[in-house]
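These are the residues of each chain, in order.
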Amino acid sequence: MVKYTSLSYFSCMNKHNFSAGPSILPQEVFQQGAQAVLNFNDSGLSILEISHRSKEFYAVVDEAVELIKELLSLPEHYKVLFLQGGASMQFDMVPYNLLPEGGVASFLDTGVWSSKAIKEANKFGQTSIVASSKEDNYSFIPKEYTIDASATYFHITTNNTIYGTELLEFPSSLIPMVADMSSDIFSRPMDFSPFSLVYAGAQKNLGPAGATLVILREDILGKTGRDLAAMWDYRTFIKENSLYNTPSVYAIYICLLTLRWLKAQGGVVEMERRNILKANTMYAEIDRNPLFYGQVNTEDRSRMNAVFRLHDETLEDKFMTHVKEYGIVGIKGHRLSGGFRASMYNALPLESVEVLVGAMQEFEKMQ
Ligand SMILES: *Cc1c(COP(=O)(O)O)cnc(C)c1O
């Protein structure tokens, strides 16, 4: 078995990757992940060929689940599942498992992902929208609203990856709360006790595409009156410890490596410190540089995804070509919001933000 340890295999190391997801992961995770493809835990086998029923893989799932509970300080009675299908599948699975026919799911509409969740929930029951910033192109987080106390649950999207807004403070709700935390889970300490169910596609802060994290309280299940299909029933996966059928073995393993890295770095407290520093550095330049502006409400700015534009949009292509010279990739804005988006997930070093800021300053001088 060949052992690859040379860093020269990792050409990714000279790029500054601001992609919104799938996104940058820690360099040592890439290295350890590559190593495990060739020889997993010195077993002489690749992680890609081991059985998901092997005791080695059970240990991977168990350690990942324990680390998630520890790093997020989850209350003891919460279940942690690895599913597939991404956050988008949760848009269906949540109402299918929680919302009785005729029941109402209530939503805070803060962007594309919230509205997709609303659209899907409508197929399983009714929905109500407590507040929406859609008319203002989702440029702020609505704060004054009343949660419908007769609804079955209240759903929020904690970070709006496309528009670049984030709920740094959570609303308090008397009814069960559900959150899509795909793009800011593990980015800072959060209190999970108000939530009955939280979901996140792994590919932003946790790992590669292909694994979906679901955290839930079992007592919210089994109340819809539906006879649930096995693969769509959270209880199936709770009972089988995420191993009902073949899970995304490799994706889960990469999540484990990322979680180990996270713990070694100092956990979510340290991530928050770094993420605040990166976000402050980025937004300071957007506000200072006369060529650029940020289009969302300052107090709602996301620490994960800084969305910004050029006053003179005819310079966009020129700026994209300019940043390429610095090894900067992934800053083109989402097609719905336009402009640029710098995603600064946990694994993105401050240095990358400084390089982008330097490129913006250089671009200013060139005009
Ligand atoms: C990326 C993202 C999604 C979509 O995730 P998929 O895994 O592609 O289904 C949903 N919600 C939020 C907040 C996201 O950032």
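Bear in mind the structure is a predicted one, so any value in this text is a computation, not a measurement.

Compared with the 24 Å implied by 1.5 Å per residue over 17 residues, the 25 Å span of helix α6 (residues 249-265) between its first and last C-alpha is a close match. Lining the buried residues of α6 we find α1 (27-38), α2 (55-71), β2 (78-83) and α7 (267-288).

The next point concerns the site of the ligand. What surrounds the ligand is a group of 13 residues, the closest being Ser88, Thr161, Asp180, Gln203 and Lys204. A distance of 2.9 Å separates an oxygen atom of the ligand from a polar atom in the side chain of glutamine 203. A distance of 2.6 Å separates an oxygen atom of the ligand from a polar atom in the side chain of lysine 204. Coverage of the ligand by the protein chains reaches 86% of its 390 Å² of free accessible surface.

Reading across the sheet, the seven strands line up as β2-β10-β9-β8-β5-β3-β4 and stay open at both edges, with mixed pairing between neighbours. Strands with a single pairing partner mark the edges of an open sheet, and in this sheet they are β2 and β4 (126-132). Between one strand axis and the next, the sheet turns through 20° on average, direction left out of account. For strand β9 (residues 195-201) and strand β10 (residues 212-217), the ladder comprises five bridges, and the chain directions are antiparallel. By the bridge assignment for β10, glycine 201 is matched with threonine 212. Where helix α4 (residues 112-121) meets the sheet, its contacts fall on β3 (104-109), β4, β5 (153-157), β8 (177-180) and β9, and the angle it forms with β3 comes to roughly 165°.

On to the side chain of serine 183. Note that serine 183 resides in the loop between β8 and β9. At 2.8 Å, the side chain of serine 183 and the side chain of asparagine 159 are in polar contact. Side-chain polar atoms of serine 183 contact the side chain of threonine 161, separated by 2.7 Å. Look past the residues within four positions of serine 183 in its chain and what remains in contact with it is Asn159, Thr161, Lys204, Asn205, Met304, Asn305 and Tyr345.

In this model, the protein chain carries a mean pLDDT of 95, and residues with pLDDT of at least 70 account for 96%. Counting interchain partners and residues more than four positions distant, the pLDDT-below-50 stretch residues 1-11 has 14 contacts.

It is worth spelling out the side chain of threonine 224 at this point. Here threonine 224 is to be found in the loop between β10 and α5 (234-239). Classification of threonine 224 as buried rests on a relative accessible area of 11%. Polar side-chain contacts of threonine 224 include one of 3.0 Å to the backbone nitrogen of arginine 226. Once residues within four sequence positions are removed from consideration, threonine 224 is found in contact with Tyr96, Asn97, Leu98, Leu99, Pro100 and Glu101.

This part is about unusual backbone geometry. Most peptide bonds take the trans configuration, and most residues that are not glycine carry a negative phi. Here the residue pair glycine 21 and proline 22 is connected by a cis peptide bond, since its omega of -5° sits within 30 degrees of zero. Summarising the element assignment, proline 22 is placed in the loop between β1 (16-17) and α1. Phi is positive for serine 73, which is not a glycine, with a value near 50°. Along the chain, serine 73 turns up in the loop between α2 and β2. With a relative accessible area of 59%, serine 73 lands in the exposed category. Of note, serine 242 is a non-glycine position whose phi angle comes to about 70°, a positive value. For serine 242, the position within the fold is in the loop between α5 and α6. Accessibility expressed as a relative area gives 3% for serine 242, which makes it buried.

Here the protein chain is described as being made up of domain 1 (40-264) and domain 2 (267-366). Spacing between the C-alpha centres of domain 1 and domain 2 amounts to 27 Å. Contact with domain 1, which involves 25 residues of that partner, is made by 26 residues of domain 2. Contact between domain 1 and domain 2 buries roughly 2,100 Å² in total, counting both sides, with carbon and sulfur atoms accounting for 56%. Counting the contacts that link domain 1 with domain 2 gives two salt bridges. With its nearest N and O atoms 3.3 Å apart, the salt bridge here joins lysine 143 to glutamate 299.

Conventions adopted
- Residues numbered from 1 in each chain as written.
- Predicted model: local features only at pLDDT ≥ 70, side-chain atom pairs only at ≥ 80, totals over all residues.
- Heavy atoms only, no water.
- Helix = DSSP H or I, 4+ residues; strand = E, 2+ residues; numbered from the N terminus.
- Expected span 1.5 Å × (residues − 1).
- Contact = heavy atoms within 4.5 Å.
- Near = heavy atom within 4 Å.
- Polar contact = N/O pair within 3.5 Å; in protein donor to acceptor, adjacent residues only side chain to side chain.
- Areas by Shrake-Rupley, 256 points an atom, 1.4 Å probe, with all protein chains shown as cover.
- Pairing = 2+ DSSP bridges.
- Axes fitted to C-alpha atoms, helices over the stretch in contact; angles between N-to-C directions.
- pLDDT = per-residue confidence, 0-100.
- Buried < 20%, exposed > 50% of the residue type's maximum accessible area, 1.4 Å probe, protein only.
- Domains from an automatic or database assignment.
- Buried area = accessible area lost by both parts, 1.4 Å probe.
- Salt bridge = Lys/Arg side-chain N within 4 Å of Asp/Glu carboxyl O.

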